[in-house]
Every structure is written in C-alpha cells, then in structure tokens.
Amino acid sequence: MIRIRKLCKTFVSRSGAVRALSNIDLTVEQGQFFVLLGPSGSGKTTLLRSVAGLERPDSGEIAIGTNVVFSSEQRRFVPAEERGIGMVFQSYAIWPHLTVFDNVALPLTQGRKRLARARVRDRVFEALKLVGMEDYAARPAPLLSGGQQQRVALARALAVNPELLLMDEPLSNLDARLREEVRVKIKALTRELGVTVLYVTHDQVEAMTLADSIAVMADGDILQAGEPDELYRRPTSPRVAEFFGAINWIAGQTLEGSRVETEIGILELNAHHAPGSGRMIIGVRPEDVKLSPAPAHPTNELAGKILSASFTGGEFLYEVEVNGKLLLARAMSDSEALKGSVFVHFPCARMTLFPEGAIERTKEGENG
Amino acid sequence: MSHPLNAPNRYHSINTRCFLPTQRSVLIAIALIPAAAIVGLLVIPIWVSVRVETDAGFAFSLHAYRALFSDPFSYRTLFNTAVFSAVATLTALSFGVPSAWIVERTTLPRKGLVFTLMTTGLLIPGFLSAMGWVFLLHPRIGLVNAALGLVVAADWARINIATPAGMGFVQGLGLAPLAFIMTAATFRSANPELEEAAAVHGIGSARSLLRVTLPLALPGILAAAIYVLTIGLAAFEVPAVIGLSNRVFTFSTYLYTQVHPQEGAPRYDLAAAFGVFVMALSGILSWLYFRVLKEGHRFAVVTGRSYRPRQVELTRGGVRAAWGFLGFYLIIGQLLPLATLIWSSLLRYFQLPSAAAFANVSLVNYRGLPWPYLIDGLKNTAFLMAAVSTLVLGLSLAISWIVVRSKARGRFLLDAVAFLPHAVPGIIFALSAAYVALFLLRDVVPIYGTVFLLLAVYVLERTSFGTRMLNNAIAQIHPELEEAGQVMGISLFRRMGKILAPLLLPACVNGWLWIALLTYRELTIASLLVTPANVTLPMVIWGLWQSGSFTRAAAAAAMGLFFMLPFLFFYWYFGRRLAPEGLRT
C-alpha cells in the first residue's frame, strides 16, 4: 500500500541542519496497521507528514497504492489535497467555527470529489455512527470534550472513504483511562473497515497493542521494523531493546561451546544465539529474571540477595544483588514478597546478545 | 455485507495538472504586486535625488544633496524637526506611561473606560486637535492667551503654540495613546513573581516600583519611545496646521512646500534628497527599535503562563489622584481642543465664552460651507474607506499566508518589504507616488488627480498594518486546522474561504474598521496627491484652514467629527478590544 524508498529530508534552521529522515526504506502492506514508534525528534512525524504530502522530502520516492506521489527522480510531487487520504491530527484539528456535522461534511462538499447533498448527509451519519457521535451532529465543535473531538476527527477522516488512514499521536491528548478505551475502539474499527493505517506514537505500549507491524525510529533512521513480539523479544540493537522497557545488561566473555563467563557467573546460552567469539553483553528483561526461595533449575541459576521489593499492584519489582551486580526482577504478586537470599534463574531463551560496545555506540549516537 | 464506508476507493486517479498555474502561485503573484510597488516607491526618491537633466538626457549628480546641505534653511528645518519630535516623544511618554501603569497595575475602578477612550484618542484626527489648539493658544486670538492678557498685558506673558516645542507638545498629546497602548502591553506581561519576590524579601512597594517594575519595563518603554520618535520625526498634520501659516517648518512641511511652492517651480530633487536623508534616519530608528525589543526578550518577562500581574491597592486618595491624572490628560489632550473647535464653529469670529458670545452663537459658518465641494470630499472619502480597507485585507491575507504558512523561499523578504511602509514616513510615499503619476505614468495611465491614485498609495501604506495584524492572527490559528482540510482534498482557495476566513473574521472586522477610520482621517499622503478633482474630506477642512477662514474650517471639522461617530460606534461595538499593538496613526 505504501512503498517508501531512500527518503531523505533535512531541516535547516538558524541553529544548523537537522537530518530528519536519512535514507528511509519502508513498505506497508494493504490492510496493515503499521506503527511508527520513536522518541520525539526521531523523524516519525516527518515521515508521516511526507506520506500525507504536508512535507516535501529532499529526495527519494513515495508510492501510495499504484501511484507515485513523490519522486525526486521524476521531479514529481502530488500535493496533499490530491492524495485522497484520511488523517487524524494530534490536535484533532476540529474546525471550531463549524458543528460536528459540518466538520465531517466539509471535505465531502468542498473536497476533491464532491458529493450530492443527500449523499453527504448519509455519509456523514454513517461515519458519525461508526464512532458513536451521531447524536451530537448539531453540536458546535467548541462544546465537545477532548475525547469527543477525537472521535469526530476519526469520523471525518473515515468519511472521505480513504484506503489509507494516517494518525499522528491521536491519543496523546487524552487522559490515561480514555486512552485505553479509544485504543481498543480504533483497533476494532480499522480492522472492520480493512483500511490501511500508518500511525505515529512515542508510547511503546500503545504501539504494541495496536500494531500489526512496528518500525522503531531514532535520529531519522529506522532502527528495526517487524512484528511487536519480534521487536520485544529479538531486538537487533540495545537501543531498540531499551526502548521497549527496562532491561538488565550483563557483560560477558565467550568460553567454549555456548557457555559465557559473565560478570555474575557462568551462563549457558541457546544455540540460536550463535555467539561469536570475544566479549559481549547480554540483555535480560526484569520479568525474565526468575526468583525462587529454593533451587529450581539445573542450569543458569545463581545465588542472589534481595535488596528491596516494591509493590506496584499486579506485581512486585525487586532489586536483587547477584555476585555484586544489581539486577531488576519482576514477579507476579500472587504470594508474599520474597526476602533475603534467593535463587536467580535466567532462562536461556529469554536472553539477547549483542557484541560488546553496542551500548557505548548507542550512547554516542544519542549524544551526537 | 460490506460496510458502506468500506466500498472500493474511488480516489485512485491523481492528476498533477501540469499546465495550469497552481493556486499557490496565483497567491504568490497577488502578494508580489504590492511588494514590487512598495519597493518601487522607495527607490524613486533615491533615483530622483541623484539625477540631473542634461542635454543628452540624464546624468548622475549629487547637486540636490549639495544644495540641501549648503542651505541654512535646511539646518533650521532639521533643528526644528529635532526639537519638535523630542518634545512630542517626551510629552507622549509622560502622559502615556503613567496612564498605562495605572490601568494595568493598580486596582483603579472602572479603568476599562480609559482603554476605550485612549483607543478612540488614536483615531481623533491630529489636525483637528491642532486646529483646536490654535484657537486656544494663538498669540492674538487664542482663548488662553486672551485670558492671560486680562492678567498681564505684556507680550512675554503669551504662550506661543507656533514654535517647534509648542507643536511638539500638541503632537505629543496626540501620540500619548500610542505610548499608552504600547507600554500597557509591557506592564501587562510582567511576571508578578518577580515583584512578589521583592515584597517577600522586605522591599516596599514604592521601592519595588522603582527597582523592579520599571527596570523590567524599561525595554518596552524605550521601544515605545523610539517608535513614537520615528512617527514624530515625520509627522505632518500638526506642523501643517500650526506651522505652515507661521512659517515654522519641520521635515514634512518642508517636503510639502518644495513640492507645492507658493512661488517658483516644484523642487522634487530637493524634496527627494531630504526624503532620502529622513528615510535613512527612520531606517536606523527602526533597527534600534527591533534591537531594543530583542534585548527586552532577554529578561524573559513573559513566560507563557497565564497570570494576572500584581495590582497595587489604591487608597481613596490614590484613586482620586489617578483619576485626576487621567482626567487631566483626557481633558487637555482630547476634550479641550475639540470642544474649542466646536465652540469656534458656532461664532462668526473667535471670542471667549461669555454671555455676549453666547448671544452670537449661530450656524452661519455651517451655512457658509462650500457644500458641493464638501460632499465631493465626503463621497471620495467614503469610497476610499471601503475600498482601502477591503483591498488591504485581501492583499494582506495573501502576503501573511505566504509569510506564516507557506515555505516559499524569500517569504521573510516579502514580510520585510510589506513592513517597510511602517518604517518610512507616509509623506515620502506620497512624494514618490506624485512623481511617478506626474512624470512616469502621465501618458500611460493618467492616474494623477484621480481618486485611484489615492487608493493605490493608501493601500500600499496600510498593507504594513494589515500584514502585521494578520501575521499575528494567522499564527494563532493551529496549522493543523488548515492541514486537515488539505489532506482531505480541499484546495487552497477553498481552505482560505471555508476554514481560514471564518476563523479570522473577528480580527478582520476589527482591522477593517480600524483601517477605514485611519483612511477617514488621512491628510499626510492626501496633501501631496489631492487636486480639486479628487479631494477628500480632511483636505476640504485643511484647505479652508489654509485659506484663512478659520471658523468655517472649524465648522467643516465639526461636520467631520459628526460623520465619524457611527464608525466609532461600530468600532466599539465590534472591536472593543484594544487596538492592535504597533499601530501607525
């Protein structure tokens, strides 16, 4: 549905040039819910706005469906108003001088393809019904709450019957409870309509719950693209791993076979990790650090000591010391919190390996 | 069953319309017309001042500058201008700044009224107040001087308004509302925490005012001072009413007499040379103005949080003193000269109010007005008000949209050019336009002596205000409101009509009325471009004054004030917000 090749964009400001997109390659399949995830300044919004036609990239190519909408080689730039897409903006961009009905109707009466009056009415109400706002049609826009504005924005974007729906942080202005509710609704609705969605967010939980596929962006680059669990379980860089939540880093050195001598003791790794030779770092997420009061596993189990336990509701967050190194562990809170000496198990399938220096390189990248 | 919204998409074909100009380029073309005209009008004086006609055509020469700077009269004019504008600035600040502080930072009751009156004060034509002041302070017939004469017979006990300082005082009274509005903004945006910090640490409120409030407001006050000085430097109306007949010249009246000499041929070269000199001066002052504003931002008085500045609690005595001060200004600055003017219009010759004078009150001056001429002027003025305001808003919308919203290259240059008429005295524009119409366009477009010449120059002059206003107004509208329309297929012109224009409507109504009112009172540009065929109302009034029929001029002026009332009412009704900052009066 979307095919992006070698897309580059540099912003020049008084303080210097900022590389917002550097050589982005990306493909979004028909009907896919694709999320662009990254911290602010990573280029995700610039990429979305380039697809919309609101930014003009410096070079590269963008095709939507079979149409090339931007190509620096062909010197082609189709303006936004002719790309025929729907979009939900971060601010919702509900026109404050119009009613709910007129907000949804305006693109149908003033847009590229204008409908007959009666058709407009039907189409507007169909769209408002989808988001449950049909009873508010006559309401002036300034009288809507944030959540209602968000729904009208979605209805307006869907009413033009787009094959591609773009969403720019649509939930970031809602409060936490409403956000969860709307998230579920957006997912169900877009699935039902079969529309292709390109969605920008900086919230990894939002990304993982919504996406069929995620591209993690930083500094104008796509670090990794794939399905949510793949990104979570098999990040290709420490930076992606850290982006999806807390992770413990353990330095080590390969011994013979799949054994690694680490700063906390010797650990056995899976064959699929295919450890090269030399120094490396191992990443393991807090929920994969298994604690037990008595020995429970034949391998990869080390003695440790619990320094603190915090109750966070559904689970405990432990600080454990293993051979002088502080690690984070997370466990369900269905029983009493553990205390004192424990056994710490590292399941070998749940460990991720990177060559030594990967973290330092990441840090440099962040600073530079 | 497939959902209706899930029907196959029909938006597949994308035409790129290679052959038609895009709406954006049409908009840019519209914006470039006034910009090019402004640049043209500013280049003309330079060109006129350095060329000399020879047998072979034209040659480059600095003779005009040599003639200008070897004539003692030029130096006297410069000295007069310096005294005039300095006194005007001081007067404007000494009334405007305390008033602004009182209104913004004290608990004075009913102070909203002051804002309304000050905004109106900006619209009262300066030449009408000047006429009133002549009736008050004329050496022979002036009301105040006559009263003084009852006490002391000697000549030294007369106040002569027809001096550079006297005219400066009158001009300053007229500019005080501008100083008020500009510094009110500064006082309003002051961070109260800075003063609270002083209070908590034991600094009393009087000391706090001197040591914290004023130093923080200083850049704003200084910027206002420079701005007022720039306007005073080139002010025309007061020197034209008071100075011309007494042969006391400032820059703008000098320029006027060079183009409209009582004897001999017009000296466009001398006028242009002086114009270029003052343009350079204005340029330096404008640069200083922006420098000071920028420095002011370093204090970061505005933090973007919304808060109400700390207000000084006024005692009963304080309230009386504050209203006394404000009332004093409103009476001598606005009310007294206009009341004197109306009083004079009712008398055959000027006399002090007395039982005998009241017995002589009549409408004879009104009956004696050249009514057909006056109505011509009124018609032209009405046409100009409607046409100038509408055209300015249209052109400004095109320019401001390009400057604020588009990413077109050179948009900042376009913005700077649109701002230029703000920084360059209007009389120079008029000089330039007169020259173009008389000598360059005469055979091509015979526009001289028509109302369309006035229209063109007024529009160019006011576009600076229109773009300042719309730049601010557009910047306050979230860009995503337009982008949402764009992404959903609404073309640029339709977005402007259906989304931007309705959102800008309040600002536009306000701006339209403001421009119309300034057009109504405009005399400076008209003085060089009006002929009997395209006379405006202010020119009729001034013409009567110049011919020496003072009381009939007063009657015409009273009619002028009368016609203005409905517009003032509309302005209050629709606007009732303060006049946008940085207005040119």
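Structure: see above.
Note that this is a predicted model, so its numbers are computed, not measured. (Residues numbered from 1 in each chain as written. Chains lettered and ligands numbered in written order. Predicted model: local features only at pLDDT ≥ 70, side-chain atom pairs only at ≥ 80, totals over all residues. Heavy atoms only, no water.)

Novice: What exactly am I supposed to notice about the overall build of chain B here?
Specialist: When its secondary structure is counted, chain B shows 24 helices and two strands. For chain B, whose C-alpha radius of gyration is 26 Å, the value lies close to the compact-globule estimate of 25 Å for 585 residues. Referenced to the eigenvectors of the C-alpha coordinate spread, the extents of chain B come out at roughly 105 × 80 × 50 Å. With 585 residues in all, chain B has 54% of them scored as buried. At a minimum sequence separation of 6, the contacts of chain B that also span at least 24 residues come to 79%. (Helix = DSSP H or I, 4+ residues; strand = E, 2+ residues; numbered from the N terminus. Rg over C-alpha atoms; globule rule 2.2 N^0.38 Å. Buried < 20%, exposed > 50% of the residue type's maximum accessible area, 1.4 Å probe, protein only. Contact = heavy atoms within 4.5 Å.)

Novice: Sorry if this is basic, but what is going on with the interface of chain B and chain A here?
Specialist: Every contact between the two is made by 35 residues of chain B and, on the other side, 49 residues of chain A. Together, the buried faces of chain B and chain A total about 3800 Å²; carbon and sulfur atoms form 54% of this surface. At the boundary of chain B and chain A, one finds three salt bridges. Of the charged contacts, one joins Glu81(A) and Arg495(B) as a salt bridge, the two residues approaching to 3.6 Å between their closest N and O atoms. (Buried area = accessible area lost by both parts, 1.4 Å probe. Salt bridge = Lys/Arg side-chain N within 4 Å of Asp/Glu carboxyl O.)

Novice: Looking at this structure, how should I read the side chain of Thr119(B)?
Specialist: All names here are of chain B. Relative to the helices and strands, Thr119 is located in helix 4 (residues 112-123). On the basis of relative accessible area, Thr119 is assigned to the buried category, the value being 6%. A distance of 2.6 Å separates a polar atom in the side chain of Thr119 from the backbone oxygen of Phe115. (Polar contact = N/O pair within 3.5 Å; in protein donor to acceptor, adjacent residues only side chain to side chain.)

Novice: Explain the pairing of strand 4 (residues 59-64) of chain A here, please?
Specialist: Residues and elements named next belong to chain A. Burial analysis of strand 4 places five of its six residues in the buried class, the great majority of the element. Of the strand pairs in this sheet, strand 1 (residues 2-13) and strand 4 are connected by five bridges, and their pairing is antiparallel. Directly across from Arg3, in strand 4, lies its bridge partner Ala63. Where strand 4 and strand 5 (residues 67-71) come together, four bridges link them in antiparallel fashion. Bridge assignment links Ile64 to a residue of strand 5, and that residue is Asn67. (Pairing = 2+ DSSP bridges.)

Novice: Help me understand the sheet that holds strand 16 (residues 290-292) of chain A, please; the structure alone is not making it clear to me.
Specialist: Backbone-to-backbone hydrogen bonds pair the strands of a sheet. The strands run either parallel or antiparallel. All names here are of chain A. Taking strand neighbours across the sheet as the criterion, the five strands line up as 16-20-17-18-19 in an open arrangement whose pairing is antiparallel. The sheet terminates laterally at strand 16 and strand 19 (325-332), the two strands that pair on one side only. Pairs of neighbouring strands in the sheet enclose a mean axial angle of 45 degrees, with direction left out of account. As defined by bridge partners, strand 18 (residues 315-322) adjoins strand 19 across eight bridges and the pair is classed as antiparallel. Across the sheet, residue Val320 finds its bridge partner in strand 19, namely Leu327. (Axes fitted to C-alpha atoms, helices over the stretch in contact; angles between N-to-C directions.)

Novice: Help me understand unusual backbone geometry in this model?
Specialist: Across residues other than glycine, the phi torsion is negative in most instances, and most of the peptide bonds are trans. All names here are of chain A. Although it is not a glycine, Arg75 adopts a positive phi angle of roughly 50 degrees. Relative to the helices and strands, Arg75 is located in the loop between strand 5 and strand 6 (76-77). By relative accessible area, which is 76% here, Arg75 ends up exposed.

Novice: Explain helix 17 (residues 411-423) of chain B to me, please; I cannot follow it from the model alone.
Specialist: Spacing of three or four residues puts side chains on the same side of an α-helix, whose turn is 3.6 residues. With 13 residues, helix 17 of chain B extends 19 Å between its outermost C-alpha atoms, agreeing within 8% with the 18 Å of an ideal straight helix rising 1.5 Å per residue. Here helix 17 of chain B has its buried residues at Leu414(B), Asp415(B), Val417(B), Ala418(B), Phe419(B), Pro421(B), His422(B) and Ala423(B). (Expected span 1.5 Å × (residues − 1).)

Novice: Help me understand the pattern of salt bridges in this model?
Specialist: Close approach of charged atoms allows side chains with opposite charge to pair. Counted by the stated rule, this structure contains 19 salt bridges over all chains. Close ionic contact of Arg191(A) with Asp212(A) constitutes a salt bridge, the shortest N to O distance being 2.9 Å. One end of the pair, Arg191(A), is in helix 5 (residues 176-193); the other, Asp212(A), is in the loop between helix 6 (204-210) and strand 10 (213-218), with 21 residues separating them in the sequence. According to the relative accessible area criterion, Asp212(A) is partly exposed, its value standing at 26%. Note that Asp269(B) is salt-bridged to Arg267(B), the shortest N-O span being 3.1 Å. By relative accessible area, Arg267(B) is classed as partly exposed at 35%.

Novice: In this structure, what is going on with the environment of Val278(B)? I would like to understand it.
Specialist: All names here are of chain B. On the secondary structure map, Val278 appears in helix 12 (residues 268-298). On a C-alpha basis, the gap between Val278 and Ile428 in space is 9.0 Å, while along the polypeptide they are 150 residues apart. Setting aside anything within four residues of it in sequence, one finds Val278 in contact with Leu233, Phe251 and Pro425.

Novice: How do you make sense of the sheet that holds strand 14 (residues 265-268) of chain A when you look at a structure like this?
Specialist: Residues and elements named next belong to chain A. Reading across the sheet, the five strands line up as 14-13-12-15-21 and stay open at both edges, with antiparallel pairing between neighbours. The open sheet is flanked by strand 14 and strand 21 (352-355), the only strands paired with a single partner. Direction aside, neighbouring strands of the sheet carry axes that sit 40 degrees apart on average. Taken together, the four bridges between strand 13 (residues 259-262) and strand 14 define a ladder with antiparallel strand orientation. Paired with Val260 across the bridge in strand 14 is Leu267.

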